[in-house]
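Read off the chains here:
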Amino acid sequence: MVLFVTAEVVAGSAAWLGRGLSCVCAQRRESDPRPSFDLTPAQEECLQRLQLRIDVAYDSSIPEHREALRALWNAAFPDEELRDLISEQWKEMGWQGKDPSTDFRGGGFISLENLLYLARNFPKSFQDLLRKQEGDRSVWEYPFAVAGVNITFMLIQMLDLEAVKPRTMVGATFLKFLSENESAFDLLYCITFKLMDHQWLAMRASYMDFNLPKTNK
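Criteria and thresholds
- Residues numbered from 1 in each chain as written.
- Predicted model: local features only at pLDDT ≥ 70, side-chain atom pairs only at ≥ 80, totals over all residues.
- Heavy atoms only, no water.
- Axes fitted to C-alpha atoms, helices over the stretch in contact; angles between N-to-C directions.
- Helix = DSSP H or I, 4+ residues; strand = E, 2+ residues; numbered from the N terminus.
- Parallel < 35°, antiparallel > 145°, perpendicular 65-115°, else oblique.
- Contact = heavy atoms within 4.5 Å.
- Nonpolar A, V, L, I, M, F, W, Y, C, P; charged D, E, K, R; others polar.
- Phe/Tyr/Trp six-rings, centres within 6.5 Å; stacked < 30°, edge-to-face > 60°.
- Buried < 20%, exposed > 50% of the residue type's maximum accessible area, 1.4 Å probe, protein only.
- Lys NZ or Arg CZ within 6 Å of the ring centre and 35° of its normal.
- Expected span 1.5 Å × (residues − 1).
- Arc of directions from axis to C-beta.

Visitor: How should I be thinking about the packing of helix α2 (residues 41-54) against helix α7 (residues 169-178) in this particular structure?
Guide: Helices that pack against each other are described as a pair by the angle of their axes relative to one another and the distance between those axes. One way to put it is that α2 packs onto α7 with a least axis distance of 9 Å and a crossing angle of 95°. In this view, α2 runs roughly perpendicular relative to α7, as classed from their interaxial angle. Residue-level contacts link Gln 43, Cys 46, Leu 47 and Leu 50 of α2 to Phe 174, Leu 175, Lys 176 and Leu 178 of α7. Tallied by class, residues from the contact of α2 with α7 come to six nonpolar, one polar and one charged.

Visitor: Help me understand the packing of aromatic side chains, please; the structure alone is not making it clear to me.
Guide: The description of an aromatic ring pair uses the distance of the two centres, along with the angle that the planes make with each other. Considering all chains together, one arrives at eight aromatic pairs under this definition. Ring plane angle 85° and centroid distance 5.3 Å describe the contact between Phe 126 and Phe 144, whose orientation is recorded as edge-to-face. Here the residue Phe 126 occupies a position in helix α5 (residues 123-131), and Phe 144 occupies one in helix α6 (residues 144-158), the gap between them amounting to 18 residues. According to the relative accessible area criterion, Phe 126 is buried, its value standing at 1%. The exposure class assigned to Phe 144 is buried, which follows from its relative accessible area of 2%. Members of the aromatic cluster, joined through ring pairs, are Phe 126, Phe 144, Tyr 189 and Phe 193. We note Lys 132 situated over the ring of Tyr 142; from NZ or CZ to the ring centre the distance is 4.7 Å.

Visitor: Even after reading the chapter, I still don't get helix α3 (residues 63-76), so can you show me in this structure?
Guide: Every α-helix winds through 3.6 residues per turn, so residues three or four apart in the chain are directed the same way. For α3, with 14 residues, the first-to-last C-alpha span of 20 Å sits near the 20 Å given by 1.5 Å per residue. The set of residues buried in α3 consists of His 65, Ala 68, Leu 69, Leu 72, Trp 73 and Ala 76. The buried residues of α3 occupy an angular sector of 140° when projected down its axis, which confines them to one face. For α3, exposure combined with an orientation more than 90 degrees from the buried face picks out Pro 63 and Glu 64. At its buried positions, α3 is contacted by α4 (109-121) and α5.

As structure tokens, then:
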């Protein structure tokens, strides 16, 4: 239940409004007071483990990272062989170019893990989102893979997961659930992706409304 409450807060955030899908959260003034919430030892430990995941950048020299990328392709297109990790084929999945590693800078390795989690645990939803099989789609769609990285980045920022302890109620609520379920971030990612797609359809948005992520990691 906590996870769904958190998802509803995320879905209703201004991050979904404006010009389509945007990962730019509202900037607060430095003088604005910001509450902090104390963590239990279990919550603190879970947050630290999640932060370790967040800090890992995608590195094409690491075999595990390359295999995860291949696994994502196989989940997306099981009947089509990937010729190379740098290939024009990747554009079929919605990457900006032929080398997906350049798009992971905004979300790190965890954004690839999130996409894989969605593919492995909710394969129908993964395929529906990838192939745009739900609703009356617009002529120009948002790029699936880049949207996935965007969502990871947005959730990290909105939940303030890089802070020592949460400074918002939604962040504190999320960490309570994280201490009960280590997969809470991955599950919230899956829910948020579906909610984003639903909102995209409701807004009758187009590709021009999609804001590409800043690759600054």
